[in-house]
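Fold and geometry: a report
Read off the chains here:
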Amino acid sequence: MNVQRFLAAAWASVHGPSEPRRLLLSVLEARFAGLGVSAAPRPLDWAALSAAAFDLPFEFAAVRVGNPLAERSATAGLAGTKDGERQLARAAVQQAVGVARQLGCPRIVLDVGVVPVFGEVDAEDLGDPHTAWTKEQVGALVARRNAGRIAALERVCRELFDLTKSFPDMEFSVTQSRSLRAVLDVETLRLVVEDLGSRRLGYWHDAALCARRQQVLGEAQGEWLEAFGNRLKGMSLGDSSQDGLYLPPGAGGVDYALLASYVPRTGAPLPVVLELDASVPPGELAGMRSCLDKYGL
């Protein structure tokens, strides 16, 4: 098993102890190498956590911009038409960079936002269990998204170029978005990679989001890994179904055998972060570990 398994901070902030040292010890006792960092429902003091980890075999996998459990991404406006929207998204990235430097972790993971569309959007969150997506509903929103996709992509490429130039000490990876208006799909990520050229951009695979995109949009979840496996910097593990995102592994449509086939057999272990909805109880951790152990993840 050439992976290093981490627990997501968003879930740990809700279910773990509030005192920093005790929180870190609880993560290690649960047989994780450390935390996958992100904004969380209960704010965490990253400076205190970094100080508490000084003599522990504790690591931080990567810093994910914003809170993946939130319906709206902190970087949703990265492709926005208004300067203010893009400034807010850049500020979220800058904040994540600050946390990464505090923790001595140079890896930043972000989604690149959503395509602005005309008119109101009734529903777009792939994680909303109250939305029963129909083919017609999905097709209509995707058509609206496609109309502005190229212009949004151009703005995203400019922003990514500026971010990678502004923070050369950081390793940036892009990941999927919860929104059906997401700029990023397999085709647009290919174009982003081509546009950035020599600026190395990594890929972080969000297994739950890819599986949900397959369920709603009909995209094969393995297409992402096939296209960008050579850029793979890590994975977020969790499952998905009509009931929501970041369910316990094995409770939805994620193909874990497929994921395992893209783990490098040699070299440094691939960081994988168990990302869970806050409603998942701690008592299920042992079963989730067993499921991931079965597949070598």
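Along each chain, numbering runs from 1 in the same order as the chain's sequence is written. Selection of residues for local features in this predicted model requires a pLDDT of at least 70, selection of side-chain atom pairs for listing and counting requires 80 or more, and totals for whole chains, interfaces and linings are taken over all residues. For the side-chain quantities, the full set of heavy atoms in the structure was used; hydrogens and water were omitted.

Time to look at the environment of cysteine 105. Starting at the N terminus, helices and strands are each numbered in turn, a helix being any DSSP run of H or I of at least four residues and a strand any DSSP run of E of at least two. Residue placement: cysteine 105 occurs in the loop between helix 4 (83–103) and strand 4 (107–110). Sequence separation between cysteine 105 and valine 63 is 42 residues; the distance between their C-alpha atoms is 7.5 Å. Among all residues touching cysteine 105, those that are not within four sequence positions of it are Phe60, Ala61, Ala62, Val63, Ala100 and Met170. The contact criterion used is simple: two residues touch if any of their non-hydrogen atoms lie within 4.5 Å.

So, about the packing of aromatic side chains. Stacked, tilted and edge-to-face pairs are distinguished by plane angle, under 30 degrees for stacked and over 60 for edge-to-face with tilted covering the rest, among Phe, Tyr and Trp rings (Trp via its six-membered ring) whose centres lie within 6.5 Å. All told, the structure shown has 4 aromatic pairs when counted by the stated rule. For the ring pair tyrosine 203 and phenylalanine 228, a centre distance of 5.8 Å and an interplane angle of 50 degrees mean the geometry is tilted. In this pair, tyrosine 203 is assigned in strand 6 (residues 202–206) and phenylalanine 228 in helix 9 (residues 222–228), connecting sequence segments 25 residues apart. Considered together, tyrosine 203 and phenylalanine 228 belong to a single accessibility category, that of buried residues. Three labels apply to residues, based on accessible area from a 1.4 Å probe with only protein chains included: buried if under 20% of the type maximum, exposed if over 50%, partly exposed otherwise in between.

Here the focus is the environment of glutamate 194. Assignment of secondary structure puts glutamate 194 in helix 7 (residues 186–196). Residue classification places glutamate 194 among the exposed positions, given a relative accessible area of 60%.

With that out of the way, let us pick up the sheet that holds strand 2 (residues 34–38). In sheet architecture, strand pairing relies on hydrogen bonds along the backbone and comes in two forms, parallel and antiparallel. In short, DSSP must find at least two bridges between two strands for them to pair. Reading around the barrel, the 8 strands line up as 1-2-3-4-5-6-7-10 and close back on themselves, with parallel pairing between neighbours. Averaged over all pairs of adjacent strands, the angle between their axes in this sheet comes to 30 degrees, without regard to strand direction. With 2 bridges connecting them, strand 5 (residues 171–174) and strand 6 associate as parallel partners. Paired with serine 173 across the bridge in strand 6 is glycine 202. Axis lines are fitted through C-alpha atoms, for helices just across the contact stretch, and the angle between N-to-C directions can take any value from 0 to 180 degrees. Set on the sheet, helix 11 (residues 285–295) makes contact with strand 1 (3–8), strand 7 (232–237) and strand 10 (270–274); between it and strand 1 the angle comes to about 150 degrees.

Any link to function would need more than the numbers given here.
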